[in-house]
Structures are given as structure tokens and as C-alpha cells.
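# Chains, contacts and geometry: an overview
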Amino acid sequence: MSENQTLADLAEVKVVEPAVQKIDEQGRAYATGRRKESVARVWIKPGSGRVVINGSEIEKYFARPVLRMVLSQPFDRADRSKQFDVVCTVKGGGLSGQAGAIQHGISRALINFEPALRPVLKSGGFLTRDARKVERKKYGRAKARRSFQFSKR
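Below is a summary of the structure that appears in this document. Note that this is a predicted model, so its numbers are computed, not measured. (Residues numbered from 1 in each chain as written. Predicted model: local features only at pLDDT ≥ 70, side-chain atom pairs only at ≥ 80, totals over all residues. Heavy atoms only, no water.)

## Looking at the nonpolar core
- Ranked by internal contacts, the top residues of the largest apolar core, which has 30 residues, are Ile 44, Ile 53, Phe 62, Ile 102, Leu 110 and Leu 121.
- Listed by contribution, the elements that provide at least two residues to this core are strand 1 (29–35), strand 2 (38–46), strand 3 (51–53), helix 3 (65–77), strand 5 (84–91) and helix 4 (95–113).
- Examining the composition of this core, we find that eight residues originate from one element, helix 4, more than from any other.
- When sequence neighbours within four positions are dropped, the list of residues in contact with Leu 121 reads Pro 74, Ala 78, Ser 107, Leu 110, Ile 111, Phe 126 and Leu 127. (Core = buried A, V, L, I, M, F, W, Y, C linked by side-chain atoms within 4.5 Å. Buried < 20%, exposed > 50% of the residue type's maximum accessible area, 1.4 Å probe, protein only. Helix = DSSP H or I, 4+ residues; strand = E, 2+ residues; numbered from the N terminus. Contact = heavy atoms within 4.5 Å.)

Written out as C-alpha cells, the structure reads:
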């Protein structure tokens, strides 16, 4: 390479850092997931597909099949279903927000365990933190935006 490079030449140069696997002494990958007011701390390790949430099994914690499906989506997208055991603790929010937080945490933990899965999960939208939250109630209003019923009398 010559020493006289233009900015256009430097724009083409990409520095690619090798993805590093982040695993603790027990062979687990950890990540935090968030959605609405919920925060989930997720650990994954190779196993038979067992999911434990706040000390109880997934069928007991999430009775609705839709919420269980939300948790399995990252594994299905990465073709890793029934290959990892998941242990997580989740706080705050309702069940839907908690399921979304766990899904976000699982996706991030999968990348910490297997960095090559990043493009697959990124294209599926599993790595993006959904920043939508409930809008606060305003004074002089019935709800956040709803006004009280108007009457001329």
C-alpha cells in the first residue's frame, strides 16, 4: 500500500474483529434481554431443550402456547431447537413483555455461545431491542391521549 491514501481508499478498508465465544466456567453463555418494563437474565448451555423460568417449567410459567412459541423462535430460526437448556430469571411487566424479554435474552446468549449465528438472528430481527413502552397518562385526559367525552351543555 502506498502512504498517500485518499479518504475514499480508507472508506473501503474494513476492520473485522473475530467474534469471540463468551462462556463461563460451567459452560454457559449469559445475556440480558429487555422488553417494555421486563428484564430477563438468561443462561443457556448445551442440553435437551429444557426451559426453566424463575424456578418453574415453561409449561407452568407460560400457560399460553403463543408465549411458548415466542421463546422457541430464536432456536427455530438458528436450527438449534432442543439443543440448549435455558435457565432464566425475569422481573417486571406482564407475561407478554416477559416472553419478549426472554426471547431477546435467548437470542443474545446464542450469539455469545455461537458467534456465527449473528447474521441469521439479526436478519430475523431477534437482536433488536423493542423500545416501545406504554405512554404515560396526561393530566386533563382520561388516558394517555383519550379525552373526556365532550358535551355542549
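Anyway, onward from the coordinates.
## Structural notes on the layout of surface pockets
- Reported here for the largest pocket is a volume of approximately 300 Å³.
- For the lining of the largest pocket, the secondary structure elements donating two or more residues are helix 2 (58–61) and helix 3.
- The greatest single-element share of the lining of the largest pocket, amounting to five residues, is contributed by helix 3.
- Classifying every residue of the lining of the largest pocket gives six nonpolar, four polar and seven charged.
- The space that makes up the second largest pocket amounts to roughly 200 Å³.
- Lining the second largest pocket we find Ala 19, Val 20, Lys 22, Arg 108, Ile 111, Asn 112, Pro 115, Arg 118 and Leu 127.
- For the lining of the second largest pocket, the element with the most residues is helix 4, which contributes three residues.
- Residues that form the lining of the second largest pocket fall into these classes: five nonpolar, one polar and three charged. (1 Å grid on protein atoms, 1.4 Å probe; cavity = no way out; pocket = protein on both sides within 12 Å on 5 of 7 lines; lining within 4 Å. Points joined across faces, edges and corners; volume = space filled by probe spheres on them. Nonpolar A, V, L, I, M, F, W, Y, C, P; charged D, E, K, R; others polar.)

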